[in-house]
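Here's the letter readout for the chains.
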Amino acid sequence: ATLSVTWMKQSKVLFRSVTSMPVIGIITGVRADGMSFSINHKSGVSPLKSVMMCLSNSSTFSPIPASVRKLFESDSSSSDLYDLASRTMQSTVMCSPVYLTLGAPKTGVVITRTPFESLQPWEMNPPNTWYVAVTNYDWWTVQPSGDNRLGLVINNMNQSGRTAGSSEQGLM
């Protein structure tokens, strides 16, 4: 089951996220101060092998959704937290290969991960770039000719324009 969750502390909204049962953490989320996070599948290790690696090395591997939840619960400002989250997501040994998208006001990064290392993080470069579009392929490789999702996203973002991507509309 997919859940939309509002995380609160002392009657104050900390962040909102989308997650699924039985995950205890964040798959996609936005903090009240504008920081955002999203995780997407990356081929390379089967889901069963990922789970087995995590269970057999629980002191070494970190479940990504739980790590992000801990970061999002921090009292740090979004700019301080963004730097910490970016470093953490690039250096922590994780259970599976993934694409991590991390954003904060006026900055963002797409982190391509294997379980053991970060591969070519892609930083947004304001003011010339107002979005970064990626699909479930490494951003530095040529997309398969039969899959035009990236082209469709880029076309839609360019047609929508910068103002359509505001945090008030919940676009990440």
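These figures come from a predicted structure and were not determined experimentally.

Caption draft 1: Layout of the overall build of the protein. Helix and strand counts for the protein come out as four helices and seven strands. In the protein, the succession of α and β elements from N to C terminus is β-β-β-β-α-α-α-β-β-β-α. Taken over 172 residues, the protein has a buried fraction of 35%. For the protein, the accessible surface area stands at approximately 10,100 Å², while carbon and sulfur atoms represent 56% of it.

Caption draft 2: A look at the layout of surface pockets. By volume, the second largest pocket is sized at about 660 Å³. Counting residues per element, the ones that place at least two in the lining of the second largest pocket are strand E4 (36–41), helix H1 (47–56) and helix H2 (64–72). By residue number, the principal contributor to the lining of the second largest pocket is H1, which donates five residues. Residue composition of the lining of the second largest pocket, grouped by class: 17 nonpolar, six polar and one charged.

Caption draft 3: Molecular detail of the confidence of the model for the protein. Per-residue confidence for the protein gives a mean pLDDT of 80; residues scoring 70 or more make up 90%. Overall, residues 167–172 carries pLDDT values under 50, and its contacts beyond four positions in sequence, including any with other chains, amount to 11 contacts.

Caption draft 4: Quick peek at the packing of aromatic side chains. Taken as a whole, this structure holds four aromatic pairs when the rule is applied. Ring plane angle 25° and centroid distance 5.2 Å describe the contact between Trp 7 and Phe 15, whose orientation is recorded as stacked. Geometrically, the ring pair formed by Trp 139 and Trp 140 is edge-to-face, given 5.6 Å between the ring centres and 90° between the ring planes. Of the aromatic side chains, those joined through ring pairs into one cluster are Trp 7, Phe 15 and Phe 72.

Calculation rules
- Residues numbered from 1 in each chain as written.
- Predicted model: local features only at pLDDT ≥ 70, side-chain atom pairs only at ≥ 80, totals over all residues.
- Heavy atoms only, no water.
- Helix = DSSP H or I, 4+ residues; strand = E, 2+ residues; numbered from the N terminus.
- Buried < 20%, exposed > 50% of the residue type's maximum accessible area, 1.4 Å probe, protein only.
- Areas by Shrake-Rupley, 256 points an atom, 1.4 Å probe, with all protein chains shown as cover.
- 1 Å grid on protein atoms, 1.4 Å probe; cavity = no way out; pocket = protein on both sides within 12 Å on 5 of 7 lines; lining within 4 Å.
- Points joined across faces, edges and corners; volume = space filled by probe spheres on them.
- Nonpolar A, V, L, I, M, F, W, Y, C, P; charged D, E, K, R; others polar.
- pLDDT = per-residue confidence, 0-100.
- Contact = heavy atoms within 4.5 Å.
- Phe/Tyr/Trp six-rings, centres within 6.5 Å; stacked < 30°, edge-to-face > 60°.

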